[in-house]
Amino acid sequence: MKGRRRLTCLIAGLTLAAGCGGVTSAESPAAPKSPGPADVESPAARVSPPPRTGLPRRGEVGRIPVPAGGVPVISSIPTKRKVVFLTIDDGWEQDPGFLRQVRDQRIPITVFAMRDAVEAKGSPDAASGGGRYMGAGGWDYFRELRDAGAPIEGHTLTHPNLRTLGYERQKAEICGMSTLIRREVGRRPALFRPPFGNYNGDTTRAARECGIKALVMWTATVQPEGKIAYQVPDKRLRPGDILLLHFRPGLAGDFRVLVAKIKRRGFEIGDLGAYLKAGGVPVS
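Computed from a predicted model, the values in this text were never measured in an experiment.

Secondary structure summary: the protein chain contains nine helices and ten strands in total. By the burial criterion, 45% of the 284 residues in the protein chain qualify as buried. Pairs at least 24 apart in sequence give 72% of the contacts found in the protein chain among residues at least 6 apart. Of the roughly 14700 Å² of accessible surface on the protein chain, a fraction of 54% belongs to carbon and sulfur atoms.

This is the structure we're talking about:
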């Protein structure tokens with residue numbers, strides 16, 4: 001009987017297995033293993049930046065005219081590709097659901113932040129949709145948007161109608177916000193959006209002095225429930241459109257509806273900075 005049992009164990013190659021007079025393999029002490037090259041995780045593998053999305057193809061973007069000694073004012077991107085660009089202003093409502101969508105779905109957006117909104121100073125203007133300062137009062141949310149790949153650009157300190165201000169006041173609003181963004185998120189803005197879309201020659205001159213490379217306007221605004229209000233007669237998306245949103249109540253839900261609508265219509269969402277650079281605007 002014992003010989004048969006030993007023969008079975010030998011055939012199975014289990015001379016140390018349970019029931020064959022030894023300890024189980026789980027109980028056997030494993031010899032320490034020296035890590036080889038394949039076992040060592042490189043720092044680059046551990047910290048991998050998220051891939052950029054919405055990039056232009058080679059030769060896709062038309063040349064964007066840049067005035068000599070000035071800055072261009074841009075409402076759309078010269079491309080025939082079905083791509084649109086999402087931009088969002090102010091900062092009254094800092095909705096964590098919106099941040100998660102941008103980060104997890106890698107949706108390229110461009111943020112135009114305004115100091116009083118981000119820091120919850122004064123009263124929200126009409127564009128905030130009756131904002132309740134949800135999560136507002138600091139810059140952590142915007143640093144998280146930056147880490148999710150969204151550049152933080154300038155939208156003045158106090159949201160004035162710049163056409164009512166002289167050159168020095170305009171420069172103080174634009175440069176002051178640029179300096180603040182540099183201090184809080186680590187990068188000086190390359191783009192600027194004038195409040196209400198109002199600007200004049202002093203605005204572009206002041207923007208240039210503050211290091212701004214382009215004023216960015218829009219071709220359509222996004223209303224509650226993701227509705228698009230067009231500024232063109234045929235009321236439809238066009239290649240290169242720049243859409244304007246605001247940090248307002250219900251942003252996460254509205255944004256979800258908007259993104260789904262854009263994709264249903266066969267459009268992609270582009271990286272505005274990459275397209276501007278491809279068109280000859282020297283953004284960093």
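One pass over the structure, following the stated rule, counts seven aromatic pairs. Ring geometry for phenylalanine 85 versus tyrosine 275: centroids 4.9 Å apart, planes at 70°, classification edge-to-face. Remark: tyrosine 275 occurs in helix H9 (residues 272-278) and phenylalanine 85 occurs in strand S2 (residues 83-90); sequence separation between them is 190 residues. The two residues phenylalanine 85 and tyrosine 275 agree in class, both being buried. For the pair phenylalanine 142 and phenylalanine 247, a centre-to-centre distance of 5.6 Å together with 65° between the ring planes defines the contact as edge-to-face. Here phenylalanine 142 is found in helix H5 (residues 140-147), whereas its partner phenylalanine 247 is found in the loop between strand S9 (242-246) and helix H8 (251-264), with 105 residues between them in sequence.

Moving on, we come to the layout of surface pockets. Roughly 580 Å³ of volume is contained in the largest pocket. Around the largest pocket, the lining comprises 27 residues; the ones closest to its centre are Arg52, Gly149, Ala150, Pro151 and Asp271. The element contributing the most residues to the lining of the largest pocket is H9, with four residues.

Counted by the stated rule, this structure contains 16 salt bridges. Note that glutamate 268 and arginine 81 form a salt bridge whose closest N and O atoms lie 3.0 Å from each other. Here glutamate 268 is found in strand S10 (residues 268-269), whereas its partner arginine 81 is found in the loop between strand S1 (73-74) and S2, with 187 residues between them in sequence. The exposure class of glutamate 268 is partly exposed, given its relative accessible area of 37%. The salt bridge partner of arginine 103 is aspartate 104, with a shortest N-O separation of 3.2 Å. Judged by relative accessible area, which is 36%, arginine 103 ranks as partly exposed.

Okay, the side chain of glutamine 101 next. Structurally, the position occupied by glutamine 101 is in helix H3 (residues 96-104). You can call glutamine 101 buried: its relative accessible area is 6%. Separated by 2.8 Å, the side chain of glutamine 101 and the backbone oxygen of alanine 252 make a polar contact. With near-sequence residues (within four places) excluded, glutamine 101 lies in contact with Arg106, Ile107, Ala252, Phe255 and Arg256.

Strand direction decides the pairing type here: strand S7 (residues 220-223) and strand S8 (residues 227-230), joined by four bridges, are antiparallel. Residue pairing in the sheet places glutamine 223 in a bridge with lysine 227 of S8. With antiparallel pairing between neighbouring strands as the criterion, S7 and S8 make up a hairpin whose turn holds three residues, including glutamate 225 at a positive phi of roughly 70°. Here two bridges tie S7 to S9, and the two strands are oriented parallel to one another. Directly across from alanine 220, in S9, lies its bridge partner leucine 243.

About the criteria used
- Residues numbered from 1 in each chain as written.
- Predicted model: local features only at pLDDT ≥ 70, side-chain atom pairs only at ≥ 80, totals over all residues.
- Heavy atoms only, no water.
- Helix = DSSP H or I, 4+ residues; strand = E, 2+ residues; numbered from the N terminus.
- Buried < 20%, exposed > 50% of the residue type's maximum accessible area, 1.4 Å probe, protein only.
- Contact = heavy atoms within 4.5 Å.
- Areas by Shrake-Rupley, 256 points an atom, 1.4 Å probe, with all protein chains shown as cover.
- Phe/Tyr/Trp six-rings, centres within 6.5 Å; stacked < 30°, edge-to-face > 60°.
- 1 Å grid on protein atoms, 1.4 Å probe; cavity = no way out; pocket = protein on both sides within 12 Å on 5 of 7 lines; lining within 4 Å.
- Points joined across faces, edges and corners; volume = space filled by probe spheres on them.
- Salt bridge = Lys/Arg side-chain N within 4 Å of Asp/Glu carboxyl O.
- Polar contact = N/O pair within 3.5 Å; in protein donor to acceptor, adjacent residues only side chain to side chain.
- Pairing = 2+ DSSP bridges.

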